Amino acid sequence: MTEKIFSKPILKSAARRSRQSVHVTDFSLSPHYQELGKGKKYTIQTYGCQGNEADSEKISGLLELIGFTKAPSEAEADLLVFNTCAIRANAENKVFGELGRVKQYKEQRPDLIIAVGGCMPQEEVVVEKILKTYHQVDIVFGTHNLHRLPDYLASVMSGVPQVVDVWSEEGSIVEHLPTVRANGAKAWVNIMFGCDEFCTYCIVPYARGKERSRRPEDIIAEVIELASRGYREVTLLGQNVNSYGLDFVDRDYRFADLLAELRLLPIPRIRFTTSHPKDFSQFLIDVLSQGGNLMPSIHLPVQSGSDRILKAMNRKYTKDQYLDLVQRIRTAIPGVSLTTDLIVGFPGETEADFQETLELVERAEFEGAYTFVFSPRAGTPAASLPDATPKAEKMERLYRLNDRINAGFSRGNARFLGQTVDVLVDGASKTKSDILSGYTPHNKLVNFPGSPELIGTIVPVHLVRAKTWSLDGEVALER
Ligand code: SAH
Ligand code: SF4
Ligand code: F3S
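1. Here's the deal with the overall build of the protein
Of the regular secondary structure elements, the protein holds 14 helices and 22 strands. Taking 2.2 N^0.38 as the reference for a compact globule, 479 residues should give roughly 23 Å; the C-alpha atoms of the protein span a radius of gyration of 23 Å, in line with that estimate. C-alpha extents for the protein along the principal axes are approximately 65 × 55 × 50 Å. Buried positions account for 54% of the 479 residues belonging to the protein.

2. Details of the site of ligand 1
For ligand 1, the set of nearby residues contains 15 residues, the closest of which are Gln239, Thr274, Gln303, Asp341 and Ser375. Between ligand 1 and the protein, one listed contact pairs an oxygen atom with a side-chain N or O atom of Arg315 at 3.5 Å. Counting only elements with at least two residues in the shell around ligand 1, the list comes to β16 (337-344) and β17 (369-373). Looking at side-chain class alone, the shell around ligand 1 contains 7 nonpolar, 4 polar and 4 charged residues.

3. Points about the sheet that holds strand β14 (residues 269-273)
In spatial order, the strands read β10-β13-β14; together these 3 strands make up an open sheet with parallel pairing. Every interior strand has two partners, whereas the edge strands, β10 (186-190) and β14, have only one. The sheet shows a mean angle of 25° between the axes of neighbouring strands, taken without regard to direction. Pairing of β10 with strand β13 (residues 233-237) involves 5 bridges; the strand directions are parallel. Within β13, the position partnered with Lys186 by the bridge is Glu233. On top of the sheet, helix α2 (residues 50-65) reaches β10, β13 and β14; it is set at about 100° to β10, its chief contact. Helix α9 (residues 255-262) rests against β13 and β14 of the sheet, and its axis sits at about 165° to β14.

4. Some details on the environment of Tyr244
Within the element layout of this structure, Tyr244 appears in the loop between β13 and α9. If we ignore the near neighbours within four places in the chain, the residues touching Tyr244 are Ile191, Met192, Ser213, Arg214, Arg215, Pro216, Ile219, Tyr253, Arg254, Phe255 and Leu258. A polar contact of 2.7 Å, which involves the side chain of Tyr244, links it to the backbone oxygen of Arg214.

5. What to know about unusual backbone geometry
Cis geometry is adopted by the peptide bond preceding Thr274, which originates at Thr273 and carries an omega value of 5°. Looking at the secondary structure, you find Thr274 in the loop between β14 and α10 (282-288). Within the chain, His176 stands out as a residue other than glycine whose phi angle is a positive 60°. Inspection of the secondary structure assignment puts His176 in the loop between β9 (173-175) and β10. The phi angle at Phe198 is positive, at roughly 50°, despite the residue not being glycine. Relative to the helices and strands, Phe198 is located in the loop between β11 (192-193) and α7 (204-208).

6. Some remarks on the domain arrangement of the protein
When the parts of a complex come together, some accessible area is lost, and that lost area is often taken as the interface size. Taken domain by domain, the protein consists of domain 1 (6-165), domain 2 (175-414) and domain 3 (420-475). A separation of 25 Å is found between the C-alpha centroids of domain 2 and domain 3. On the domain 3 side, the residues contacting the 21 residues of domain 2 number 19 residues. A buried area of about 1,500 Å², summed over both sides, lies between domain 2 and domain 3, and 52% of it is on carbon and sulfur atoms.

Conventions adopted
Residues numbered from 1 in each chain as written. Chains lettered and ligands numbered in written order. Predicted model: local features only at pLDDT ≥ 70, side-chain atom pairs only at ≥ 80, totals over all residues. Heavy atoms only, no water. Helix = DSSP H or I, 4+ residues; strand = E, 2+ residues; numbered from the N terminus. Rg over C-alpha atoms; globule rule 2.2 N^0.38 Å. Buried < 20%, exposed > 50% of the residue type's maximum accessible area, 1.4 Å probe, protein only. Near = heavy atom within 4 Å. Polar contact = N/O pair within 3.5 Å; in protein donor to acceptor, adjacent residues only side chain to side chain. Nonpolar A, V, L, I, M, F, W, Y, C, P; charged D, E, K, R; others polar. Pairing = 2+ DSSP bridges. Axes fitted to C-alpha atoms, helices over the stretch in contact; angles between N-to-C directions. Contact = heavy atoms within 4.5 Å. Domains from an automatic or database assignment. Buried area = accessible area lost by both parts, 1.4 Å probe.

Here you go:
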């Protein structure tokens, strides 16, 4: 039997943005699949952003709905799922390395199923490479059709050697997908899918399709349900949450409206990621300034401090506009913690451009950042720009930038020394089981001695030591 290819990705189609309104459908499982995974075990490896973490929880939900259970190790699994990320070449290389590594299991156990999903299969070059070289892979699916995984598993289990189904255009929003959440106190809540920004370096708009917002009533119902199950924190997810609602044809309702409603719900903490600076409205700042369960920590990716490079990146703001926004946020939300994303070595970036970035980092007083070296992504406009800066020079810029960022990280922790703050306890330290760790409202990592019963609760902790990456504390008896 030959491979069964339903559809391969086409980058050009993925760049298209239809004006059609977004359909919302409810997930339902075909009765044929109810026992498909009975007695079988799976593992899932997740790469990339929180959006992928949330998708993996849905993939797990689907698998467990059809009878699969989590395998304690790959050696005992009947199905290995890789939920992949395409953002930079090194993210992709890791996955190819892993696919090579798990080939041995397939040789030992020919019935083992290997499935690759997520953002990598949305790229033409990746699917071609898998078809040519990685014959151990049984199923290739994308970001738009993860709810179809039971169909693909059924095909492979009935003898089809390889199934490839990647959609280049988004389908409906599928509500009520089963979800197995990885954490009992903190939950991801998608508020929108896709991205329409087309920053010139970025593959996400191709891999995730057009911006589609979930209806507010569906989001609110999900948060109410999470609160009633004892969840303490939700993180609202979107590639640019600030353009939430722009696609609604039946209402005028934006991200700030959503937050204004969510802040009234009995969920102790609300976070969101990611905000594009260009759409951060004054209305949004006003709502955030009301505080309460809206956490005083904002991730606001700036990418570069050079206007020339920002323009070439298609970011649609200048350094001064960004700094003005930072100022307005800081005035409205005193003590807010700001973090960012930065790319060094974008094609054509000079030392002078890089100096502008360093200056912006100082002035914005970031308390953390994810920093990256530009990685050309096939099919994106920036990948074909001339790029004369040697790799070593880019690396050297990255190190200089990281030094500044680390200093900001340290200062951001030190400013809380001596205070008593609420910590949502995540778990016990890997090395010392009697040391708990969790995060403050400002998203600072805190370690403190305590009993495991505190995991998943919010505890007042007195902070006694500040380090670069974390703070140490002691449970406070009174506030
Ligand atoms: N939607 C988010 C970012 C998602 S990707 C936002 O715009 O805020 C996370 C980060 O990866 C980006 O902010 C950017 O800093 C980095 N990134 C994206 N594409 C990249 C590329 N081709 N090379 C290097 N870094 C990249
Ligand atoms: Fe990529 Fe820009 Fe969209 Fe963020 S906003 S996902 S960086 S295209
Ligand atoms: Fe990676 Fe896709 Fe997220 S490319 S960063 S997993 S949207």
